[in-house]
Every structure is written in C-alpha cells, then in structure tokens.
Amino acid sequence: MVDVRSVFAARDALLTAGAVPRQLRQRVRPMILQSWQRSIASGAYLPIPVKELDERWLTRASLRRAADPVLAGLAERLVDLETGLLLADQNAVILRRWIPDHSIEALLDSVNSDVGYNVAEDLVGTNGVGTVIETGQATQITGPEHLSTVLQTFTCVGAPIHNPLTRRLEGVITLSCLSDASNVLLTPLLTSTAREIEHRMLELASTRERLLLDAFMRASKSRRAPVAAVGSDLFLAGPQVTELLRDIDHAMLWEYVRSVAAGARTVSGNLESIAERLHVAHCETIESDGAVIGTIVEFDLGRREGTPPARAAARAATTRRGAALPGKSASLADAMAHGAHLASLGTSILIEGEPGVGKLTLAEAIIDSVGATADDVAKIDVAALSTDTTFADELPRVLERRPSVVLVTHLESLPASAAAAAASLLEEAALDGTPPRVIGTLTCARDGECPAGLQRLVDVIGVGRVVIPPLRDRREDISEAATSFLRTHNGGRSLTLSSAALRVLICAPWPGNLRQLDTTIRGLVSTTTRFEILPEDLPADLRAHARRRQLSTMEELELSAILDALQRHHGNKFAAANAIGISRSTLYRKLRSYHVDPDRMYF
C-alpha cells in the first residue's frame, strides 16, 4: 500500500528543496523517485498537464485496429466503475479513449486526457502513460505519486504493448480511476489485456505478410522487369534484385521506396546514395484496411550506371590493406575519392572533420596508397607531446631526418604561437627544395570553423583539403559501419544486429561519429549473451532517439540549428536560444516537441 502522507511529504520536499530526505526516500517506491527526477530534469510543466495537441495520433492506424475491439470489450465490463481507458502510441500520444462511466468524463477532460494529446513524462511528469514508456514495464501510479497536483485525483495503471515480431514498443494502454479506487489486481488485468492486443497484432501482421506475398507473386508473373516487395519489416525479391540490394540497409530502403511511392521527386540527403544506385521504374503501394503496408517496386536495371571512376579509384586507393572507412554513401565516397586524387598528385593534405569521423584512418589509407614504408613516414601526435616538448621543437628534428611523409595529428591542439612557428619551418623547407609531404588531421567544430590562430598553418598544409562528413549526414553508412565494428569485436562469436536494433542505431544522432558507434558496439559485444542484439540491449539514450517521430526537411533543419547552437555554447540553453534568436521557453518547447534531451548528447 502507498503511504500517502509520506509520499506527499517527499514530493513537496523534492519540489521545494530539490531533494528528498533519507527517511522519506525509504517510504517512496524507487521507480516513483526516479520518475520524479526524470520529469524535473526534462522540464516537465507541472501546473498544466498538457499544453498542445499532437497530430501524430492520426498515423497509428495499425495499432488502433488491433487494440480497438479488445479495449472496447474491456470497457463494457467496466461500466459504472468510474474508470476511463486510454490507448497511446510509443510517443505517449493518446490515440483512443473509452469512458464506460461518464461520471468521470469531466475529470478526464479537465486534465486533457483525451485523443490527440501528448502525455509524455517530460511534458506532464509522472503518469500512467509516459512513465510506462520510460520504464518499459506495467506500472501503477497512485494519487500523490503523480508529480503534477492536478493528476493526484487519479490512480493510473498502464501496461506496454510490444510488436510481437520486432519486440519494439508500439504503445501503452492505461486505465484511470479515482485515487481511492486503486486495486492491486488492476496491473495484471492491464498486462493480460496488452498481451491480447499483441496477439491480435500478430494475427494482423500475418495477414499483411500474406497480402504482400500475393502482390509480389502476381507482379513477378505479370512483369518482365525485376520487382521486389518492400514493407517496414518485410522484403521479398528474386536473386537478381536481392544481389542488387544486398548492402543496402532495409530501413533506409523502406524510407526511400515509401517516399517514391508517395510521389516525391527528390529525396533527403540521407537517401541520395540509394537514389543514385537504384532506378525505380514504378512503385505501387499495397494497402490493407486503408493503411499502406508495403510497396511493389519495379526496377529498371538497364539504366544502372557503373561506379563513377573517382569512387572506384577511392576504393582501390583506400582498401589495399583493408584500411577504409565503412560505408558507401555518396558523400563519403566523394571524400575518399578526393583523398585518393590528392595522393596521386603528391601534394600535402589536410583532413578535416568532427571528432571521431575517421580522419586518422583515412590519412593512414592515403599513406598506404602511395607505397610509403614505415621508415619513410614520421608521425607526430600534437596532443600527446609532453609539456617539456613543444611542436616547434619536435618538427625541426623530424624534418632533419628527411622523411617522405610527415603525419601530424590533432593540429587543433596547437597554440597559436606554435602553429605560426611550424608554418614558418614548413615554408623554409619548401624554399630549400626538399619539402616533405605533410598529411595533417584537424578536428573542427560542428559549424566547421577553424580554431583561432591556426589559419596560417592550415593554409600551408592544406594545399589539398579533404572534409569527412559527420555520420548524421550519411545515415545510410551507419548499418555497414555497425556491422563492420561487430565483426571486428565479436571475438569469433556468431553475433548479429537485428533489423529493429539497426533502425534504432540509424535514428540516433551520433555526435561522436564512428568512434562513438564503435564504442557502443564494443559495449554491446561485452554485455550481450544472446546471438542477436535486440533494441532492448541498446543504451537507453539511443532507444529514446528511436522514439522520435520522423521529421520533415524543415524540421530537420530547425533541429540541426538548435543542436548546433547548443553544442557551440556547451549545452547552455539560454545562450543557445539567444544565438538563434528565440526565447528560452521556445527552445524548451521545441526540444520537447522533437523528443530530444540535449543533456544526453555528449556535450
């Protein structure tokens, strides 16, 4: 039973003093304390439960179709019991509401507990929908355990609904009743109801698979061109098309064909590489009960073009010993092609990019491509120099050995005076007629600005410049990179990433780029005991990004500007808001609408 007086006292202490005294902490369930702390940290606006409608409720037809008959039947059994039933999606947007006893309807309306409203924990605090999503388990929130005062009239019991095929969280069902009507049997009741909905989802999923298979068989027989059936979790094709699409991530393929089927004439940057490789002659959507469940794609293989010479040269130049950056996106291929071209010219090269994009890997691949031996290469890691040894001291000693290549990493660590001295030394070496080839790596800020004081040295080294794009701008490379790292670290185990887990990885922002992805995969290898990595095995912050809704191009630009400002100002929200010309409250509102927690983004 909930100790109502102690819970009230603990909640008041947290809201007024910022902490719960030890003697009270022992009388509040740990799950509730954690929810309170999450809610406050994310800026939940407690006086008013929900401020805005969220139109995403219109898009969850498949979940509503599976849950409607089950919850309608439960509602009939709850008549005259002063209860309300809610169905919400994985973003905590309410999709449907049943009120068996209309005496409670006014109370539910007063807290905006109705269709279309978002009741995520970071918006309204601890509650029977948002907290279930955060914890991933059936939960009962009784009266004062709600952080918002206006919700304390209710006891809310929620249970998660998972996709029976992918095990992704699809939604939540919640029963709301008056706070004094709580009952321990409500949790198993809601849990069994959720399982019944999952069973119906499995039946409907089987129907969708049969419909897609039938459509694929008809298309294969009636068309000369190769075809494929592509759904969100299903792919059917013959050997020729399967080989064509072998290294394309399924999640990215589904996004591409869905946009083509919808009539899009252009695609976002993340899908450009797929558009370059695939010539789709025709796309036909397959529907079931008014919802698009997949597409039949007809390919024009006669229009396929060979690999552009520059990109072929890049692969040849950077894979002689397997030292290539994983991925096949157009932007990455162009960067490697440019590096290979500069290598063939014998010029000095400056490789730029954000932390962790693979600058050193590309530099070593370029050195390998020109046939330089270990004795011909001198390496200086500026960041590793001791306080007693400056770069201006080390560089002359290196130049005296007359190496054919000097590899200088972490140029951004140089103070301005040392950078100026190094630039003078390299200019003097060029005048003597025996300049070595210098290959340098420079970590630039997210906005691409060069650190102050380095411009002269950058101009000397950067006769040729290669910029490696960040991982967030080439999401089609994430699947291949994750799979490559998994092969490297699995220690011979037969370990794979499920398609659902890959979709989560693709949705994440990866501010640490390949290095962060590599660290994540190494952590998964060390902690996963199964043969397949599932979404629930991934870190919580990555799963949180996967719950974000898909953004339009304008929304992506807006979110990118906000995150850029936050990173430039080291997470200071007030300064970031001023930098982009909006109020701090507007910044908080936009972050909540995008379901982004900037404090989790590695500032």
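What counts as what
- Starting from 1, residues in each chain are numbered consecutively following that chain's sequence as written.
- In keeping with the predicted nature of the model, local features appear solely for residues at pLDDT of at least 70, side-chain atom pairs appear and are counted solely at 80 or more, and the whole-chain, interface and lining totals rest on all residues.
- Remark: hydrogens and water are excluded; side-chain values derive from all non-hydrogen atoms of the structure.
- What makes a nonpolar core is a set of buried Ala, Val, Leu, Ile, Met, Phe, Trp, Tyr and Cys residues whose side-chain atoms join them at distances within 4.5 Å.
- We call a residue buried when its accessible area falls under 20% of the maximum for its residue type, exposed when it is over 50%, and partly exposed in between, using a 1.4 Å probe and counting protein chains only.
- For the purposes of this entry, the term helix denotes a DSSP run of H or I that reaches at least four residues, the term strand denotes a run of E that reaches at least two, and both are numbered from the N terminus.
- Throughout, a contact is declared for two residues whenever any of their heavy atoms are within 4.5 Å.
- If DSSP finds at least two bridges between two strands, the strands pair.
- Computed over the protein atoms alone on a 1 Å grid, cavities are sets of points where a 1.4 Å probe fits but cannot get out and pockets are open sets with protein on both sides within 12 Å along at least five of seven lines; a residue lines them when it has an atom within 4 Å of a point.
- Grid points are joined across faces, edges and corners, and a volume is the space filled by probe spheres set on the points.
- Residues are grouped as follows: Ala, Val, Leu, Ile, Met, Phe, Trp, Tyr, Cys and Pro are nonpolar; Asp, Glu, Lys and Arg are charged; all remaining types, including Gly, are polar.

Colleague: Tell me what's going on with the nonpolar core, and back it up with residues and numbers.
Modeller: Nonpolar side chains in soluble globular proteins tend to end up buried together. Among the nonpolar cores identified, the biggest contains 44 residues, and Ile351, Ile439, Leu497, Leu505, Leu517 and Ile521 are the most heavily contacted of them. Listed by contribution, the elements that provide at least two residues to this core are α13 (330–345), β10 (349–353), α14 (359–369), β12 (405–409), α18 (478–489), α19 (499–507) and α20 (513–527). When neighbours within four sequence positions are excluded, Ile521 is seen to be in contact with Ala482, Phe485, Leu486, Leu497 and Leu505.

Colleague: A description of the pairing of β10 should follow, citing residues and the corresponding values.
Modeller: Most of β10 sits inside the fold, with 5 of its 5 residues counted as buried. Of the two faces of β10, the one holding Ile349, Ile351 and Gly353 and the one holding Leu350 and Glu352 are both buried throughout. Inspection of the sheet shows β10 paired to strand β13 (residues 437–443) by 5 bridges, in the parallel sense. Paired with Ile349 across the strands is Ile439, a residue of β13. Pairing geometry for β10 and strand β14 (residues 464–467), over 4 bridges, is parallel. In the strand pairing of β14, Ile351 is matched with Val466.

Colleague: Account for empty space enclosed by the protein, naming residues and giving values.
Modeller: The gaps left among the atoms become clear once a water-sized probe is rolled over them. Evaluated as defined, the whole model comprises 4 cavities of 30 Å³ or more. Considered as a void within the structure, the largest cavity measures approximately 180 Å³ in volume. Surrounding the largest cavity, 17 residues form its lining, Ser113, Val119, Asn127, Leu151 and Cys156 being those nearest its centre. Every element with two or more residues in the lining of the largest cavity is listed here: β4 (154–162) and β5 (169–178). Of the residues assigned to the lining of the largest cavity, the class counts are 11 nonpolar, 6 polar and no charged.

Colleague: So, the pairing of β5: which residues are in play, and what are the values?
Modeller: Of all 10 residues that make up β5, 8 are buried, and the element is covered over most of its length. Bridge analysis of β4 against β5 gives 9 bridges, and the strand direction is antiparallel. The partner of Ile161 across the bridge, within β5, is Gly171.

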